[in-house]
Amino acid sequence: MRFIDAVTGDAAAIVSVVNGAYRANGAVEGWTNERGLLDGPRIGEEGVRALIARGRILLLRRLTEGAISGCINIAIDDDGAWHTSMLAVAPDEQTAGIGKLIKQEVERQAAAAGAPRMRMEVIRQREALIAWHRRRGYELTGETLAFPYDDPSVGHPLRPDLELVVMEKQLNSTVG
């Protein structure tokens, strides 16, 4: 497997991985899905291209056929924190530690670039995902954000009580 930055030509493949992971379409149901919270696509090709234009999407590709095993969106906040979103692993590969590998690589890159911390938002109701990130050193900041109910690009909310919690991990910027 190898890490590479996505290009706009990867948009369709990224959409397939992300929507498969977040919406659990098809026969394979991954533990990261948002079933019961949101419906409809998590992202479309136009949204992926916009994310690539504003920041970058890191891909983990299989060496043999070049298929995408997972991805994560990366942006840099005004305070220098690396802000991640859309961590997704192909549903049929979700118990192989790929999400952990992707997070470790992004954190390694962020520390090497001198970033003080990692930041992300998670839907408050996704307790298993919050716990997974906490086991990897991320902490709840106490800050919450309103869920973007009026943004169709995130899907169709199925509940009126969704909100986002902010999580951060402090980084040691010295790389050995």
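Since the model is a prediction, treat every value here as computed from it, not as a measurement.

(A) Looking closely at the confidence of the model for the chain. For the chain, mean pLDDT is 90; residues scoring 70 or higher make up 93% of the total. Confidence, read as mean pLDDT per element, is least for strand β2 (residues 38–39) in the chain (90) and greatest for strand β9 (residues 163–170) (98).

(B) The sheet that holds strand β1 (residues 2–5), seen in detail. Read across the sheet, seven strands follow the order β1-β3-β4-β5-β6-β9-β7 without closing on themselves; strand pairing throughout is mixed. One side of each edge strand has no neighbouring strand; the edge strands of this open sheet are β1 and β7 (139–146). Mean inter-strand twist for the sheet, computed between neighbouring axes without regard to direction, equals 30°. Where strand β6 (residues 117–123) lies against β9, seven bridges are found, and the strand directions are antiparallel. Bridged to V122 within β9 is V165. On top of the sheet, helix α2 (residues 45–54) reaches β3 (56–61), β4 (68–76) and β5 (82–89); it is set at about 110° to β3, its chief contact. Contacts between helix α3 (residues 98–112) and the sheet are confined to β1, β3, β4, β5, β6 and β9, with β5 contributing the most and set at about 160° to the helix.

(C) Seen up close, the nonpolar core. Counting residues in hydrophobic clusters, the biggest one holds 22 residues, and the most contacted among them are I72, W82, I102, V106, M118 and V122. Secondary structure elements with two or more residues in this core: β3, β4, β5, α3, β6, α4 (127–135) and β9. Residue contributions to this core peak at four residues, all from α3. The residues contacting M118, other than those within four sequence positions of it, are W82, T84, V106, E107, A110, Y138, M167, E168, K169 and L171. One finds A11, L51, I68 and C71 within the second-largest nonpolar core, a separate group that totals 18 residues.

(D) Broad picture of the side chain of R23. Relative to the helices and strands, R23 is located in helix α1 (residues 11–23). Sequence-distant contacts of R23, that is, excluding residues within four places in its chain, are made with N33, E34, R35, L38, D39, G40, P41, R42, V154 and G155.

Cut-off values and rules
- Residues numbered from 1 in each chain as written.
- Predicted model: local features only at pLDDT ≥ 70, side-chain atom pairs only at ≥ 80, totals over all residues.
- Heavy atoms only, no water.
- pLDDT = per-residue confidence, 0-100.
- Helix = DSSP H or I, 4+ residues; strand = E, 2+ residues; numbered from the N terminus.
- Pairing = 2+ DSSP bridges.
- Axes fitted to C-alpha atoms, helices over the stretch in contact; angles between N-to-C directions.
- Contact = heavy atoms within 4.5 Å.
- Core = buried A, V, L, I, M, F, W, Y, C linked by side-chain atoms within 4.5 Å.
- Buried < 20%, exposed > 50% of the residue type's maximum accessible area, 1.4 Å probe, protein only.

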